[in-house]
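Below, each chain spelled out in residue letters.
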Amino acid sequence: RELRRITNLMELQLVEITWHDATSNHGWYTLPEVQKDATLLTECKTVGYLVRRDRRHVVVAQGMTKTGKLSELWAIPTPWIAKTTVIRSGTRRAR
């Protein structure tokens, strides 16, 4: 099923997603140093227009062309999300 084209970003909620991303740390660490470090995950914030939300992930877009195509898509796994803040309500619900 094809989704109806979005013609105005005001249709979508503008949200800030706070989420935890995986990291890669370089160097040498003792096992006790790694076991006690609660900061191995990086907290990130992404702001965008809420396009899709389901049990697996959330998708936000950060831009749109004049023809209604969305760009700069972020797909964030739902288990990684700590908080979603609605900045502005839209006139259309995310699918």
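Scroll up to find the structure.
Residues numbered from 1 in each chain as written. Predicted model: local features only at pLDDT ≥ 70, side-chain atom pairs only at ≥ 80, totals over all residues. Heavy atoms only, no water.

Considerations on the sheet that holds strand β4 (residues 70-77)
- Strand order in the open sheet formed by five strands is β4-β3-β2-β1-β5, and the pairing between neighbours is antiparallel. Pairing within the sheet leaves two strands with one partner each, and these edge strands are β4 and β5 (81-88). Here the strands of the sheet are splayed against their neighbours by 40 degrees on average, with no regard to which way each runs.
- In this structure, strand β1 (residues 14-21) lies alongside strand β2 (residues 42-53), joined through eight bridges in antiparallel fashion. Of the residues in β2, the one forming a bridge with Asp 21 is Thr 42. (Pairing = 2+ DSSP bridges. Helix = DSSP H or I, 4+ residues; strand = E, 2+ residues; numbered from the N terminus. Axes fitted to C-alpha atoms, helices over the stretch in contact; angles between N-to-C directions.)

What about the packing of aromatic side chains?
- With the rule as written, the count across this model stands at two aromatic pairs.
- A centroid spacing of 6.0 Å and a plane angle of 65 degrees characterise the contact between Trp 19 and Trp 74, whose relative ring orientation is edge-to-face. One end of the pair, Trp 19, is in strand β1; the other, Trp 74, is in strand β4, and 55 residues separate them in sequence.
- Between Trp 19 and Trp 80, the aromatic rings sit 6.4 Å apart at their centres with planes inclined by 10 degrees, giving stacked as the arrangement. You can see Trp 19 sitting in strand β1 and its partner Trp 80 sitting in the loop between β4 and β5, a full 61 residues away along the chain.
- A relative accessible area of 35% places Trp 80 in the partly exposed class. (Phe/Tyr/Trp six-rings, centres within 6.5 Å; stacked < 30°, edge-to-face > 60°. Buried < 20%, exposed > 50% of the residue type's maximum accessible area, 1.4 Å probe, protein only.)

Things to note about the pattern of salt bridges
- Counted according to the given criterion, the structure contains two salt bridges.
- A salt bridge links Lys 45 to Glu 16; the nearest nitrogen and oxygen atoms lie 3.9 Å apart. On the criterion of sequence distance, the pair formed by Lys 45 in strand β2 and Glu 16 in strand β1 is long-range, its members being 29 residues apart.
- Residue Lys 45 is classed as exposed on the basis of its relative accessible area of 52%.
- The salt bridge involving Arg 52 is made with Asp 54; its shortest N-O contact spans 3.0 Å. (Salt bridge = Lys/Arg side-chain N within 4 Å of Asp/Glu carboxyl O.)

Here we look at the pairing of β4
- Pairing between strand β3 (residues 57-64) and β4: seven bridges, direction antiparallel. For Val 59, the partnering residue across the bridge sits in β4 and is Ala 75.
- Counting the residues in the hairpin turn of β3 and β4 gives five residues, including Gly 68, whose phi is positive at 95 degrees.

Let's talk about a nonpolar patch on the surface
- Judged by side-chain polarity, Tyr 29, Val 34 and Leu 40 come together as a nonpolar surface patch covering roughly 250 Å² of accessible area.
- Relative to the helices and strands, Val 34 is located in helix α1 (residues 31-36). (Patch = residues over 30% accessible without salt bridge, like charges linked within 9 Å, V, L, I, M, F, W, Y side chains within 5 Å. Areas by Shrake-Rupley, 256 points an atom, 1.4 Å probe, with all protein chains shown as cover.)

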